[in-house]
Amino acid sequence: GKRVKGVQIFRPFVYGTTAQPFDEKTNPKPPGIPDDHTHSWTVFVKGIDDVDITYWLRRVQFKLHESIPNHVRMIEGEKGKPFQIHETGWGEFEIAIKLYYVPESAEKPQTLYHHLRLHPYGRTEAEKEAMRLNGNQVISWAYEEQIFNEPYEPFYEILTSG
Ligand code: SLL
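Considerations on the pairing of strand S3 (residues 57-63)
Here is step 1: As defined by bridge partners, S3 adjoins strand S6 (residues 94-101) across six bridges and the pair is classed as antiparallel. Considered in S6, the bridge of Lys63 is made with Ala96.
Here is step 2: In this structure, S3 lies alongside strand S4 (residues 72-76), joined through five bridges in antiparallel fashion. Note on S4: the bridge partner recorded for Val60 is Ile75.

Overview of the nonpolar core
Here is step 1: Formed by 32 residues in total, the largest nonpolar core has its most connected members in Trp41, Val45, Phe62 and Ile97.
Here is step 2: At the level of elements, strand S1 (8-21), strand S2 (39-46), S3, strand S5 (83-89), S6, strand S8 (138-149) and helix H2 (153-160) are the ones that each hand at least two residues to this core.

Re the confidence of the model for the protein
Here is step 1: Residue-level pLDDT values for the protein average 96, and 99% of them are 70 or greater.
Here is step 2: Under the prediction, the complex receives an ipTM of 0.91, its pTM being 0.94.

Focus: the site of the ligand
Here is step 1: As a matter of local geometry, the ligand sits amid His37, His65, Ser67, Ile68, Pro69, Thr88, Gly89, Trp90, Gly91, Glu92 and Phe93.
Here is step 2: Here an oxygen atom of the ligand and a side-chain polar atom of His37 are 3.2 Å apart.
Here is step 3: If the ligand stood free it would expose 460 Å²; the protein chains cover 68% of that surface.
Here is step 4: Looking at the shell around the ligand residue by residue, the class counts come to four nonpolar, six polar and one charged.

Here we look at the packing of aromatic side chains
Ring pairs (aromatic) are described by centroid distance and by the angle formed between their planes.
Here is step 1: Enumeration over the complete set of coordinates arrives at eight aromatic pairs.
Here is step 2: With 6.1 Å between their ring centres and 35° between their planes, Phe13 and Tyr15 make a pair best called tilted. When sorted by exposure, Phe13 lands in the same class as Tyr15, which is buried.
Here is step 3: Above the face of the Tyr152 ring, Arg3 is positioned so that its terminal group lies 4.2 Å from the ring centre.
Here is step 4: Here the guanidinium or amino end of Lys46 rests over the ring plane of Phe44, the centre of that ring lying 5.4 Å away.

With respect to the sheet that holds S5
Here is step 1: Strand order in this open sheet of four strands is S5-S2-S1-S8, and the pairing throughout is antiparallel. Of all strands in the sheet, those bounded by a partner on one side alone are S5 and S8. Between one strand axis and the next, the sheet turns by 10° as a mean value, whatever way the strands run.
Here is step 2: As paired strands, S1 and S2 are joined by eight bridges and run antiparallel to one another. Residue Ala19 lies in a different strand from S2, and its bridge partner there is Trp41.
Here is step 3: Running at roughly 60° to S1, H2 makes contact with S1 and S8 of the sheet.

Parameters at a glance
Residues numbered from 1 in each chain as written. Predicted model: local features only at pLDDT ≥ 70, side-chain atom pairs only at ≥ 80, totals over all residues. Heavy atoms only, no water. Pairing = 2+ DSSP bridges. Helix = DSSP H or I, 4+ residues; strand = E, 2+ residues; numbered from the N terminus. Core = buried A, V, L, I, M, F, W, Y, C linked by side-chain atoms within 4.5 Å. Buried < 20%, exposed > 50% of the residue type's maximum accessible area, 1.4 Å probe, protein only. pLDDT = per-residue confidence, 0-100. Near = heavy atom within 4 Å. Polar contact = N/O pair within 3.5 Å; in protein donor to acceptor, adjacent residues only side chain to side chain. Areas by Shrake-Rupley, 256 points an atom, 1.4 Å probe, with all protein chains shown as cover. Nonpolar A, V, L, I, M, F, W, Y, C, P; charged D, E, K, R; others polar. Phe/Tyr/Trp six-rings, centres within 6.5 Å; stacked < 30°, edge-to-face > 60°. Lys NZ or Arg CZ within 6 Å of the ring centre and 35° of its normal. Axes fitted to C-alpha atoms, helices over the stretch in contact; angles between N-to-C directions. Contact = heavy atoms within 4.5 Å.

Okay, structure coming up:
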């Protein structure tokens, strides 16, 4: 196949974690969760404002801490839905997020790293007050742009026909 010369396509996305302490009122602990688990949390990759990204991103592998059962998880893309995992636990750690692109792209997988944040270290009092109003959620999100450099023609069609 031929590449489209001199063209770069950018596709924005967001990835990160959202954590929330267990609390009787705002986030009750479901039955069966171990006693030492203090938080529920989510790790995700998604489009800005939940716009679909599965036309370029096929699947995402999340590598969690080894203390978590079945710690390597592959999530297949579903149109318009975030790639995500919900878990519970007690500790922070680094998550490896491996992006697998659609086959038409001929791109190799790429890995991002994200620190799961459970605790609001370093936040200002105003930020902590805002968090209290929001169920004490600890939000740690990052904006990223995927660059496709001189994409193959059929993939260029896919990228630009949305
Ligand atoms: C450390 N940062 O380096 C810590 C590790 C591991 C967190 C934190 C286990 C959850 C489960 C969990 O929260 N692990 O048991 O499913 O030692």
